[in-house]
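Residue-level structural notes
The residues making up each chain are set out below.
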Amino acid sequence: MYPLPWETRSRSEPSLQRQIKDRFKGLFWVFFVSFAAFAAFPTPSSGATAETFYENALRRNGINAFAATCQSAHETGFWTSSLWRNANNGAGIKADKNWIRAGRPTVRKKSQEVVGGKWTTRESLFRVYSSLDDFLDDYNRKICRDYPLASKNRDTTWGYFSALQKGRHGAWATSHTYFERMADKAIRLAPQLLGFDWRMQLLYDYKKAKARGLLSKKEIAIIRKKLAADEKDSTR
């Protein structure tokens, strides 16, 4: 009598149940390794817009969402820079010793900085974020910790801009025209993000910042010039 098919399996051959178990175990590890690799690298944010950035920034209570959006627009070239697209770094934040010691991801990149009154190219380590929310959480913490004057005066855009140059460890940027560049972005983005009364909001912010003594004479002149120039353009 010939044996039936299921009776021919040798003792060394795994059972059907064992095969299924091994297969599921293999699939689990493939999924686990894939998920870990996905989590370790940032999700590109090339599709970010002023609206999406602003809406997400509004959920952080230590910053001025509009001012932060203007700053990011300047730092990333309206969210087109490689540092934004590949690292979700929306404000050119460098990796300090604590960031590196914690094992957080970094990317090496060249950037233009003012040293001794002259523009020079420097290579530095910058922070890498997994998403827009990851960046904004860290940005919010950094503003509260290193730029307390900006966080304290987050109810005025102009005061916030000015305070970015008065951090606990120095200015946010080395450029002497940083405040003016922020002002340019504010005038450009305000109609889009602040609504029909955007000019009144910026004027009110200006009066608050000036009354608190936050603005230098140069910054006051820049604000008045930008707002006046826009008003002339809108009446033509």
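For the structure, see preceding data.
So, here is what we can say about the structure in this document.

How each quantity is defined
Residues numbered from 1 in each chain as written. Predicted model: local features only at pLDDT ≥ 70, side-chain atom pairs only at ≥ 80, totals over all residues. Heavy atoms only, no water. Axes fitted to C-alpha atoms, helices over the stretch in contact; angles between N-to-C directions. Helix = DSSP H or I, 4+ residues; strand = E, 2+ residues; numbered from the N terminus. Parallel < 35°, antiparallel > 145°, perpendicular 65-115°, else oblique. Left-handed = near helix turned anticlockwise from the far one by under 90°. Contact = heavy atoms within 4.5 Å. Core = buried A, V, L, I, M, F, W, Y, C linked by side-chain atoms within 4.5 Å. Buried < 20%, exposed > 50% of the residue type's maximum accessible area, 1.4 Å probe, protein only. Phe/Tyr/Trp six-rings, centres within 6.5 Å; stacked < 30°, edge-to-face > 60°. Lys NZ or Arg CZ within 6 Å of the ring centre and 35° of its normal. Salt bridge = Lys/Arg side-chain N within 4 Å of Asp/Glu carboxyl O.

Here we come to the packing of helix α2 (residues 50-57) against helix α6 (residues 132-146). Two elements in contact, α2 and α6, have axes whose closest approach is 10 Å; the angle formed by their N-to-C orientations is 50°. In terms of axis orientation, α2 runs oblique to α6. Relative to α6, α2 is oriented so that their crossing is right-handed. Contact residues: α2 offers Thr-52, Phe-53, Asn-56 and Ala-57, while α6 offers Leu-132, Asp-133, Phe-135 and Leu-136.

By size, the foremost hydrophobic cluster in this structure holds 53 residues, and its most contacted members are Phe-66, Phe-135, Tyr-139, Ile-143, Trp-158, Trp-172 and Leu-202. Sorting elements by how many residues they give to this core places helix α9 (residues 178-193) first, with nine residues. Dropping the residues within four chain positions of it, Trp-172 is found in contact with Gln-71, Glu-75, Ala-91, Ile-93, Tyr-139, Lys-142, Ile-143, Tyr-147, Leu-164, Gln-165 and Tyr-178.

Take Asn-153: it is sitting in the loop between α7 (148-152) and α8 (157-163). By relative accessible area, Asn-153 is classed as buried at 5%. Excluding its chain neighbours within four sequence positions, the residues that come into contact with Asn-153 are Tyr-160, Arg-212 and Leu-214.

Counting across every chain of the model gives 13 aromatic pairs. Note on Tyr-147 and Trp-172: the rings are 5.2 Å apart at their centroids and 45° apart in plane angle, and the pair reads as tilted. In this pair, Tyr-147 sits in the loop between α6 and α7 while Trp-172 sits in the loop between α8 and α9, placing the two residues 25 residues apart along the sequence. By relative accessible area, Tyr-147 is classed as buried at 7%. Site record: aromatic cluster; members linked through ring pairs are Phe-53, Phe-78, Trp-79, Trp-84, Trp-99, Tyr-129, Phe-135, Tyr-139, Tyr-147 and Trp-172. Here Arg-188 stacks its cationic end above the ring of Phe-78, 4.2 Å away from the centre of that ring.

We now examine the side chain of Lys-142. Inspection of the secondary structure assignment puts Lys-142 in helix α6. Owing to a relative accessible area of 15%, Lys-142 belongs among the buried residues under this scheme. Ignoring any residue separated from it by four or fewer positions in sequence, one finds Lys-142 in contact with Ile-93, Tyr-147 and Trp-172.

Our focus in this paragraph is unusual backbone geometry. With a phi close to 65°, Trp-79 is a non-glycine residue in the positive phi region. Considering the arrangement of structural elements, one finds Trp-79 in the loop between α3 (65-76) and α4 (82-87). Judged by relative accessible area, which is 3%, Trp-79 ranks as buried. Located in the positive-phi region is Asn-88, a residue other than glycine, with phi close to 55°. Position of Asn-88 among the secondary structure elements: in the loop between α4 and α5 (97-101).

Applying the stated criterion across every chain, the model contains 17 salt bridges. A salt bridge links Arg-104 to Asp-134, with the nearest nitrogen and oxygen atoms 3.6 Å apart. With a gap of 30 residues between them, Arg-104 in the loop between α5 and β1 (106-115) and Asp-134 in helix α6 connect regions that are remote in the sequence. Arg-104 sits in the partly exposed class, given a relative accessible area of 32%. According to the relative accessible area criterion, Asp-134 is buried, its value standing at 17%. In the salt-bridge network here, residues are joined through shared partners; they are Arg-59, Arg-60, Asp-133 and Asp-137.

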